[in-house]
Amino acid sequence: MTTGARYILALDQGTTSSRAILFNHEGGLHASAQREFTQYFPRPGWVEHDAEEIWQSQIGVVAEVMTKAGLDARAIAAIGITNQRETTVLWDRVTGKPLHHAIVWQDRRTTPLCDQLREAGHEAIFSARTGLLLDPYFSGTKLRWLLDNIPGARDRARRGELAFGTIDSWLVWNLSCGRLHVTDASNASRTLLYNIHRGDWDDDLLALLDIPRDVLPGVCNSSEIYGEAEQRWLGATTPIAGIAGDQQAATFGQACLTPGMAKNTYGTGCFMLMNTGHQAMPSSHRLLTTVAWQLDKKISYALEGSVFMGGAIIQWLRDGLGVIASSDEVEALASSVSDNGGVTLIPAFAGLGAPWWQPDVRAALVGMTRGTTRAHIARAALEAIALQSADLLLAMEKDSGIRLAELRVDGGAARNNLLMQFQADLLGVPVVRPRVTETTALGAAYLAGLAVGFWQTPEDCAGHWKFERRFEPTISDSARRERLQHWQHDVQRIIG
């Protein structure tokens, strides 16, 4: 570590924006910068990004945050990277240019391929080796689509001329000016190509998807010095020392370091992860078994459940229905009525995620009467976020046999006090919001800092975690059971 280095630079590359955040020794946020980039929707169900625009936005906010903080590269001990997972880039190793727009994790174009693989009886081997389900969400079928649809791409990949990566690999490639083609185990575990038990790309799965091994990045620890960012980017060479997918990074940033600890991120969707330690715990409730992180070649695993529509429900109230003018208004509107008036919103705008996994179901408002107001709908919308997350936690407790002591929360919608109280009531355990809510970037910073000695142990990092507010359950067990049963009945009605 450079003498006098006082900060870790975290690159948080998300679905709609790129951010750069500086963290100090106490895990406090020193400065940040953010830049949005273009979303492309070329066909219904297709979502793409321009990978070069992502890179330009990311390196742009690096320059911005360094200028804002008045720092040069000597103040930076290391760079940590966290990224939108599953988004897939294929580029030319010589020119460094992508062959196609990046295919985003939300994209559904490979649904027919997933159906074919499932009908051919292959889901069991994918699930057993990767911990994932056959779903377009993951990177492997996206890469297969690119190799199938770009003329000559598969032959070029076999000759070693092309490189595949999720966004972390793409950023590291550019930071190192093409010297490093790597990923970490957490991102590799989201591809449908990585055997999470052996810790290596799986040749049988590569054969099923007809993907040449030579196109894949090397898989590393989540915390190690991979190489250096070239001098041209920060003014001096700087170690790149931490990589983790966004939800895994948030779990680390929330200091969920021991088995049984869990966090939920309330972003566009909701993502709940429970640490299961060094045991890859299979799910009988259609949750995902995933790599949480890999330190010193030792893998920690997690159970994960994904809710497709979290904070996006609030955006729909604002942009689709015009019920609110800004997202900040929803809490006051929902609080203006004492209950939901019998209204349930089932937000299956893009199908239902875990534990239902019903991609073809569509959204419904159930139980409306002439007395239903926009306040009732707003309250039902907030409750829908909490109810979907309750489904995840109940499934995790059944899979793991662990009764959760508390749920740590982060993400934009975690600032909504009414939503957090709903969540505590529905779970029957405290919901705890930390002082530092930028936990995704903080997790990446911790992983990078550990690799260069900025922090000595994961426990040192955990010691910086402090809570800002704790939401205690306020309803009875019988009321909780009744509300959850009512929700599950309504979901089953629309599925049926």
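As a reminder, the structure under discussion sits directly above these lines.
Residues numbered from 1 in each chain as written. Predicted model: local features only at pLDDT ≥ 70, side-chain atom pairs only at ≥ 80, totals over all residues. Heavy atoms only, no water.

Colleague: Got a sec to walk through the overall build of the chain? Specific residues and values, please.
Modeller: Looking only at helices and strands, the chain features 17 helices and 23 strands. Taking 2.2 N^0.38 as the reference for a compact globule, 496 residues should give roughly 23 Å; the C-alpha atoms of the chain span a radius of gyration of 22 Å, in line with that estimate. Reported as C-alpha extents along the three principal axes, the dimensions of the chain are approximately 65 × 55 × 45 Å. A total of 496 residues make up the chain; the buried ones form 60% of that total. In the chain, once contacts between residues fewer than 6 apart in sequence are set aside, the share between residues at least 24 apart is 72%. Accessible surface computed for the chain: about 18500 Å², of which carbon and sulfur atoms make up 48%. Separation of charge centres in the chain, based on 46 positive and 54 negative side chains, amounts to 1 Å. (Helix = DSSP H or I, 4+ residues; strand = E, 2+ residues; numbered from the N terminus. Rg over C-alpha atoms; globule rule 2.2 N^0.38 Å. Buried < 20%, exposed > 50% of the residue type's maximum accessible area, 1.4 Å probe, protein only. Contact = heavy atoms within 4.5 Å. Areas by Shrake-Rupley, 256 points an atom, 1.4 Å probe, with all protein chains shown as cover. Lys, Arg positive; Asp, Glu negative; His and termini not counted. Charge placed at Lys NZ, Arg CZ, Asp CG, Glu CD.)

Colleague: Can you lay out empty space enclosed by the protein for me, pointing to particular residues and giving the numbers?
Modeller: Under the counting rule described, the total for this entry stands at one cavity of 30 Å³ or more. Roughly 40 Å³ of volume is contained in the largest cavity. Residue lining of the largest cavity: Val 307, Leu 352, Gly 353, Ala 354, Trp 356, Gln 388 and Asp 391, and that is the complete set. Looking at the lining of the largest cavity residue by residue, the classes come out as four nonpolar, two polar and one charged. (1 Å grid on protein atoms, 1.4 Å probe; cavity = no way out; pocket = protein on both sides within 12 Å on 5 of 7 lines; lining within 4 Å. Points joined across faces, edges and corners; volume = space filled by probe spheres on them. Nonpolar A, V, L, I, M, F, W, Y, C, P; charged D, E, K, R; others polar.)

Colleague: Give me the nonpolar core: which residues, what numbers.
Modeller: Counting 107 residues, the largest nonpolar core has Leu 90, Leu 143, Ile 211, Val 215, Leu 216, Tyr 266 and Leu 317 as the members making the most contacts within it. The biggest single contributor to this core is helix H13 (residues 374–400), with 15 residues. Of all hydrophobic cores here, the second largest spans 40 residues; its members include Leu 22, Val 172, Val 182 and Ile 243. (Core = buried A, V, L, I, M, F, W, Y, C linked by side-chain atoms within 4.5 Å.)

Colleague: Go over the pattern of salt bridges with me, naming the residues and quoting the values.
Modeller: A side chain with one charge may pair with a side chain of the opposite charge, provided their charged atoms come close. For the coordinates displayed, the defined rule picks out 39 salt bridges. In this structure, Arg 109 and Asp 107 form a salt bridge, with 2.9 Å as the shortest nitrogen-oxygen distance. Exposure class is identical for Arg 109 and Asp 107. Each is buried. Among the ionic pairs, Glu 397 bridges to Arg 403, the shortest N-O distance being 3.1 Å. On the accessibility criterion, Arg 403 (53% relative accessible area) is exposed. Overlapping salt bridges bring together Arg 144, Asp 148, Arg 154, Asp 155, Arg 158 and Asp 210 as one network. (Salt bridge = Lys/Arg side-chain N within 4 Å of Asp/Glu carboxyl O.)

Colleague: Please provide a residue-by-residue account of the pairing of strand E8 (residues 162–165), values included.
Modeller: Side chains Leu 162 and Phe 164 project from E8 onto one buried face, and the interleaved Ala 163 and Gly 165 project onto a second face that is buried too. Pairing of strand E6 (residues 89–92) with E8 involves four bridges; the strand directions are antiparallel. When the sheet's bridge partners are listed, Val 89 is paired in E8 with Gly 165. (Pairing = 2+ DSSP bridges.)

Colleague: Let's hear about the layout of surface pockets: which residues, and what values?
Modeller: Considered as a void within the structure, the second largest pocket measures approximately 330 Å³ in volume. Every residue lining the second largest pocket is counted, 15 residues in all, and those nearest its centre are Glu 383, Leu 426, Ile 475, Ala 479 and Arg 483. Looking at the lining of the second largest pocket, the elements with two or more residues in it are H13, helix H14 (417–427) and helix H17 (477–495). Ranked by the residues each element gives to the lining of the second largest pocket, the list is headed by H14, at five residues. Split into classes, the residues belonging to the lining of the second largest pocket amount to five nonpolar, four polar and six charged.

Colleague: Requested: an account of the sheet that holds strand E23 (residues 467–471), with residues and values cited.
Modeller: Strand order in the open sheet made by the seven strands is E17-E18-E16-E15-E21-E22-E23, with mixed pairing throughout. Looking along the sheet, the strands with just one partner apiece sit at the ends: strand E17 (288–295) and E23. Each neighbouring strand pair of the sheet contributes to a mean axis angle of 30°, computed without reference to strand direction. Sheet topology places strand E15 (residues 262–266) next to strand E16 (residues 270–277); five bridges connect them, and they run antiparallel. (Axes fitted to C-alpha atoms, helices over the stretch in contact; angles between N-to-C directions.)

Colleague: So what's going on with the state of the cysteines? Residues and values would help.
Modeller: Applying the stated criterion to the full structure yields zero disulfides. With no disulfide of its own, Cys 256 lies closest to Cys 461 among cysteine sulfurs, the gap being 13 Å. (Disulfide = S-S within 2.5 Å.)

Colleague: Please give an account of the environment of Ala 363 that cites residues and values.
Modeller: Mapped onto the elements of the fold, Ala 363 is located in the loop between strand E19 (344–346) and strand E20 (364–366). Taking the C-alpha atoms as reference, Ala 363 lies 33 Å from Thr 276; in sequence the two are 87 residues apart. When residues no more than four places from it in sequence are discounted, the contact partners of Ala 363 are Ile 346, Pro 347, Ala 348 and Phe 349.

That is the geometry; function is a separate question.
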